[in-house]
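Working through the structure, step by step
One letter stands for each residue in the lines below.
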Amino acid sequence: MPNFFCEYCGHKATSISSLTSGSCPRHPNGPNRGKHKLYEGSEKSKYACKYCGHSNSTIRDLTSGSCPRHPDGSNKGKHAPML
Ligand SMILES: [Zn+2]
Ligand SMILES: [Zn+2]
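Residues numbered from 1 in each chain as written. Chains lettered and ligands numbered in written order. Predicted model: local features only at pLDDT ≥ 70, side-chain atom pairs only at ≥ 80, totals over all residues.

Here we look at the overall build of the protein
Counting secondary structure elements, the protein contains two helices and four strands. Shown N-terminal to C-terminal, the secondary structure of the protein runs as helices and strands in the order β-β-α-β-β-α. Against the globule reference of 12 Å for 83 residues, the protein gives a C-alpha radius of gyration of 12 Å, in line with a compact fold. In terms of overall dimensions, the protein has a C-alpha envelope of 35 × 30 × 15 Å along the principal axes. A buried classification covers 25% of the 83 residues belonging to the protein. Counting contacts in the protein only where the partners sit at least 6 residues apart, residues at least 24 apart contribute 36% of the total. (Helix = DSSP H or I, 4+ residues; strand = E, 2+ residues; numbered from the N terminus. Rg over C-alpha atoms; globule rule 2.2 N^0.38 Å. Buried ≥ 20, exposed ≤ 12 C-beta atoms within 10 Å, placed from the backbone. Contact = placed C-beta atoms within 7 Å.)

Here it is, written out as structure tokens:
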């Protein structure tokens, strides 16, 4: 059974349709202002932020932290996993 993860919050689902039907608490437009977004990279043992290189073992932990090199400004957004 494949797992699908949300790129913004690391939420795990067993199908893309169930993943993208749920509201995302870490959506860039604001908490629950949009749906989970499919992370299109493969499942890894470590995920690195595409903006600053900070890494964590889960997307959930990675995206919980503010990113000092976020495109919207320093700490204006969360780390985002590289594919
Ligand atoms: Zn999400
Ligand atoms: Zn970052």
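From this point on, the discussion continues.
Notes on the environment of Asn3
The residue Asn3 is located in the segment before strand E1 (4-5) in this model. Note on Asn3: 10 C-beta atoms within 10 Å, which makes it exposed. If we ignore the near neighbours within four places in the chain, the residues touching Asn3 are Lys12, Thr14 and Glu43.

Some details on the environment of Lys35
When you line up the elements, Lys35 lands in the loop between helix H1 (16-20) and strand E3 (47-48). Remark: the alpha-carbon pair of Lys35 and Gly22, spanning 13 residues in sequence, is separated by 5.5 Å. Setting aside residues up to four positions removed in sequence, Lys35 forms contacts with Thr20, Ser21, Gly22, Ser23 and Cys24.

A word on the nonpolar core
Core analysis: the largest hydrophobic core is formed by 13 residues, its most contacted members being Cys6 and Ile59. Beyond its immediate chain neighbours, meaning those up to four positions away, Cys6 contacts His11, Leu19, Cys24, His36, Lys37 and Tyr39. (Core = buried A, V, L, I, M, F, W, Y, C linked by C-beta atoms within 7 Å.)

Focus on the environment of Cys52
One can find Cys52 in the loop between E3 and strand E4 (55-56). When the C-alpha positions of Cys52 and Arg33 are compared, they lie 25 Å apart, and in sequence the two are 19 residues distant. In this structure, Cys52 is in contact with Cys67, Pro68, Arg69 and His79, ignoring residues within four places of it in sequence.

Digging into unusual backbone geometry
Even without being glycine, Asn32 reaches a positive phi, approximately 60 degrees. Looking at the secondary structure, you find Asn32 in the loop between H1 and E3. According to the C-beta neighbour criterion, Asn32 is exposed, with 12 such atoms within 10 Å. Phi is positive for Asn75, close to 60 degrees, though the residue is something other than glycine. One can find Asn75 in the segment after helix H2 (59-62).

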